[in-house]
Amino acid sequence: MTGRSIPMVDRLTDAFFSLDTDWRFTYLNEQAETLLERSRAELLGRVMWDEFPETVETQFLDGFYRAMDDQVPVSFEVYHTPLETWFEARAYPSETGLSVYMRDVTARKERETQLARHGAVVEAVEDGVVTLDSNTRIVSINDVVECVLDVDREDVVGDHVERLLELASVDPAETVELGRAISDIHVGNATKRQVELEFVDACENARVGEVRLVPIDHGTATVAGVVRDVTEQHEYGRVVTSLHEITRWLLQSDDPEEICAIAVHAGSDLLDLPISGIWLLDDEHGYLDPVAATAGAYDEFNGLPRFGQGEGLVWDVFEAGEVERYDDLRELADDCYNPGTPIRSEIIAPIGTHGVLVTGSLEPDAFDETDIDLLSTLAENTHAALDRAERERVLRDRTEQLERQTERLEAIADVLSTDLKRGLEAIEDALEQEETDVAEWEFPLSEDGATARLDRAERLVDDVREFARNATAVGPRSRIDLETAIDAAVCASNLESAAVVVEEGATLRADPERFGHFLETIFDDAAARSEGDVTVQVGLVGLDRPIDGPRGFYLLDDAPEIPPAIHEQVFEPAADDATDGLGLAVARSIAEAHGWTVSISRGERGGTRFEVRDVTTLERR
């Protein structure tokens, strides 16, 4: 190295030193002295590997030897641990040694490390990230954006952001709104902005993105946009809003079956639950009865089962009162009502004490927590609607009961007044006869007349008490043998000579006392119409039909028949000379109290046929 060149080297901002072929220092400029923290006097003529032994384990050794041996320039970066400094080293070989330039690049390496970390974070997040420069051109996009839109970042970097919006089929109006938000960030009108827009992904699925914009200082990038897919949240909100709308429909109905039908079809259409059904508790029989289901449920099961106490998971959940999700029913085959069910996963949601809402899937693990939340909401809304329907039914029944009670009391007053009036008229007639013929007069209430009048009064009192009862005043129901009850009623009735033929034995559940009075009333009516022996035929109706059919029984007598024109009239309270008490009005009252219906028709071969229907507990003995 010539003396003329030394001042020039000293003026370099980089550290510079030279080594001979034996790796001895032959020159150092001031920057090299500062960088190596050693003076020229200390290093000139010294071997580099002896003075800085720690460099032997670094790229210096390999790099310098390669430059010297191959006579080629080399460049590398190395971290000097004692100095905690990153260096960029460039070595140029010659026949006399090496010229080495070193630059402190610690600041640059830290920036690169930070950028790498930021890049790793950007690629690691599940949201899409787009950075823009001051001209709203794309500086970078992350893997999420590439994947969702099926685009290569090299094809879009440098393009205006509208290129991405076109690829995503964003509506022009929303594109304008996003452009305004980006401008607000650029000019400093806002430190953050948020915009929602609809877009189409690479699979042609409609999605909703929430774009959050913030200013950044990252190379040429000045704005970052983080795009989060909020499609599921939007769909969840839409479904919840729709469920609340459906609640209004539910609350407008007072028919439990209609309420359940609305609920299961809402689950099918809104929640995409095509295999769903609702079971309500039958209080009388004590089982869960299917009342509504989707077409998919009927297709899979060809009829839905009833669930009795302890029968399967449905009953267990109903008793526990908590929503349950089953991810794979094959793992619970021993607890299933039908171990061979094609249903693999299931959610069962209690509807209060009314019953359960069940939805299933042919695939395992088909439901998540969101499905549970939405189905629970639907079940709660259905519960509220059924509670309201029950209250409306009770109120309606009470109103009807009060109206019937008023009618009964008016009828009773009419019967009592008529009966009393006739008694007074009989006494008045007797007193008038006394004035004309004392010798032949007989007090009308003496001996047999008095006994008959007392019997009539006693029967009238019994009928009044029975008829005046509330229609729901049925005592504890117990299982009754129909033939035994008929024999007892015949003995207690006014039939003096009767042949009763019971075609087939049967049992039913009823209030024994009131049921006996019902039969006595029917037999008393036959006795009042007969002038001699009476035959009564008793048969069963509808037992060969489904349990919810009009099953019941009939009593057919051969006494002079009741004319068809007055079949309904005879059920009205009345008092006449032919009938003691309130007559068939009592029979209808008792039947209604049990939830039955009673009607009169003409027998096929004559006579009067009393038919009692809707006796759901009637069974062959």
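Residues numbered from 1 in each chain as written. Predicted model: local features only at pLDDT ≥ 70, side-chain atom pairs only at ≥ 80, totals over all residues. Heavy atoms only, no water.

Trainee: I'd like a rundown of the nonpolar core, residues and numbers included.
Mentor: L508, F515, F518, L519 and F523 are the most contacted members of the largest nonpolar core, which totals 39 residues. When contributions to this core are tallied by element, the ones reaching two or more residues are α17 (482-492), β18 (506-510), α18 (512-529), β19 (534-541), β20 (552-557), α19 (584-593), β21 (597-602) and β22 (608-613). Here the element with the most residues in this core is α18; it accounts for 7 residues. With residues up to four places along the chain from it excluded, the contact list for L519 reads A485, I486, A489 and L555. (Core = buried A, V, L, I, M, F, W, Y, C linked by side-chain atoms within 4.5 Å. Buried < 20%, exposed > 50% of the residue type's maximum accessible area, 1.4 Å probe, protein only. Helix = DSSP H or I, 4+ residues; strand = E, 2+ residues; numbered from the N terminus. Contact = heavy atoms within 4.5 Å.)

Trainee: Any chance you could break down helix α5 (residues 59-70) for me, citing the residues and the numbers?
Mentor: In an α-helix, one turn spans 3.6 residues, which is why side chains three or four residues apart end up on the same side. In this model α5 runs 16 Å from its N-terminal to its C-terminal C-alpha over 12 residues, within 8% of the 16 Å that 1.5 Å per residue would give. Buried residues of α5: F60, G63, F64, A67 and M68, and no others. Down the axis of α5, the sector holding all buried residues measures 125 degrees, keeping them to one side. Summarising the geometry of α5, the exposed residues directed more than 90 degrees from the buried face are D62 and D69. (Expected span 1.5 Å × (residues − 1). Arc of directions from axis to C-beta.)

Trainee: Just give me the short version of the sheet that holds β20, but keep the residues and values in it.
Mentor: The 5 strands are arranged β17-β19-β20-β22-β21 in an open sheet whose pairing can be described as mixed. The open sheet has two free edges, formed respectively by β17 (498-502) and β21, since each of these has just one partner strand. Neighbour to neighbour, the strand axes of the sheet diverge by 20 degrees on average, direction disregarded. Examined bridge by bridge, β17 and β19 share 5 bridges and lie parallel to one another. Within the sheet, the bridge partner assigned to A499 lies in β19 and is T535. Sheet strands touched by α17: β17 and β19. Its angle to β17, the strand with the most contacts, is close to 170 degrees. Across the sheet, α18 touches β19, β20 and β22, and the angle it forms with β20 is around 25 degrees. (Pairing = 2+ DSSP bridges. Axes fitted to C-alpha atoms, helices over the stretch in contact; angles between N-to-C directions.)

Trainee: Tell me about unusual backbone geometry, and name the residues and values.
Mentor: The phi angle at T136 is positive, at roughly 60 degrees, despite the residue not being glycine. Here T136 is to be found in the loop between β6 (128-132) and β7 (138-141). Even without being a glycine, E204 presents a positive backbone phi close to 65 degrees. Its relative accessible area of 65% is what places E204 among the exposed residues.

Trainee: Lay out the packing of α18 against α19 in plain terms, naming residues and giving numbers.
Mentor: Direction vectors running N to C along α18 and α19 enclose 150 degrees, while the axes themselves pass 9 Å from each other. With respect to their mutual orientation, α18 and α19 come out roughly antiparallel. Viewed along their axes, α18 and α19 form a crossing whose handedness is left-handed. Residue-level inspection shows R514, H517, F518, T521, I522 and D525 of α18 in contact with α19, the latter providing L584, V586, A587, S589, I590, A591 and A593. (Parallel < 35°, antiparallel > 145°, perpendicular 65-115°, else oblique. Left-handed = near helix turned anticlockwise from the far one by under 90°.)

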